[in-house]
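Reading the structure
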Amino acid sequence: MKWQLPALLAIGALLGGCGGEAPSSAPQQESASMETITGQALYRERILLTPGTTMLVALEDVSRADAPAEVVSENRFEIQGPPPFAFALQYDPAKLVENHRYGLRIRIEEKGELRFINDTHIDPFGDGLDQIVLKGVGR
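What counts, and where the lines are drawn
- Residues numbered from 1 in each chain as written.
- Predicted model: local features only at pLDDT ≥ 70, side-chain atom pairs only at ≥ 80, totals over all residues.
- Heavy atoms only, no water.
- Helix = DSSP H or I, 4+ residues; strand = E, 2+ residues; numbered from the N terminus.
- Buried < 20%, exposed > 50% of the residue type's maximum accessible area, 1.4 Å probe, protein only.
- Contact = heavy atoms within 4.5 Å.
- Areas by Shrake-Rupley, 256 points an atom, 1.4 Å probe, with all protein chains shown as cover.
- Phe/Tyr/Trp six-rings, centres within 6.5 Å; stacked < 30°, edge-to-face > 60°.
- Salt bridge = Lys/Arg side-chain N within 4 Å of Asp/Glu carboxyl O.
- Pairing = 2+ DSSP bridges.
- Axes fitted to C-alpha atoms, helices over the stretch in contact; angles between N-to-C directions.

The next point concerns the overall build of the chain. Within the chain, the secondary structure is distributed over 2 helices and 7 strands. Reading the secondary structure of the chain in the N-to-C direction produces α-α-β-β-β-β-β-β-β. Per-residue burial over the chain gives 28% buried out of 139 residues. Pairs at least 24 residues apart make up 62% of the contacts formed inside the chain by residues separated by at least 6 positions. Summing over all exposed atoms, the chain offers an accessible surface of approximately 9700 Å²; the carbon and sulfur share of this is 53%.

The next thing to look at is the packing of aromatic side chains. In this structure the tally under the stated criterion is 4 aromatic pairs. Measuring from centroid to centroid gives 6.5 Å for Tyr-102 and Phe-125, while their planes differ by 80°, and the two rings are edge-to-face. Pair noted here: Tyr-102 is in strand 5 (residues 102-110) and Phe-125 is in the loop between strand 6 (113-117) and strand 7 (132-136), with a separation of 23 residues, a long-range link. Taking relative accessible area as the criterion, Phe-125 reaches 42% and is therefore assigned partly exposed. The rings of Tyr-43, Phe-85 and Phe-116 are connected pair by pair, giving a single aromatic cluster.

Across all of its chains, the model carries 4 salt bridges by this definition. With a shortest N-O distance of 2.7 Å, Arg-105 and Glu-60 are connected by a salt bridge. Placement of Arg-105 in strand 5 and of Glu-60 in strand 2 (residues 54-61) is noted, with a sequence separation of 45 residues between them. The closest approach of N and O atoms between Arg-115 and Glu-110, which form a salt bridge, is 2.2 Å. Residues participating in the shared-partner salt-bridge network are Arg-76, Arg-107 and Glu-109.

Strand order in this open sheet of 7 strands is 3-2-5-6-7-1-4, and the pairing throughout is mixed. Two strands close off the open sheet at either side, each with one partner strand: strand 3 (70-78) and strand 4 (85-91). Within this sheet the neighbouring strands show an average axis-to-axis angle of 35°, counted without direction. Where strand 2 and strand 3 come together, 8 bridges link them in antiparallel fashion. Looking across to strand 3, one finds that Asp-61 is bridged to Glu-70.

This is the structure:
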């Protein structure tokens, strides 16, 4: 009888460890709480870019002075045809801090080289996201 209690406890501990964690519904809740920033970016130059050109849109925390911006969310996609280029960027509002400042960074890369970028602060939660003008970089 003395050996049965420790044996039962050991078996119970082993079986308890084999069960694993119960599946959680956190990914579903996370995707349900996502919000989307939409807009259009364009450049004034009268040129068409080659196929395979990509546009990167990033939501960044730009609160800290003299420090690199922290990327909250980003999306890279291939652009086709003439501007304007519509974009949609999903982000998790739970990752935003109330008293921080946020900005959008938009860049267009052709064959791995930067061609256009925004040169002013873009408020991701304000007006004016339908006509974001990007500036060309020197070649």
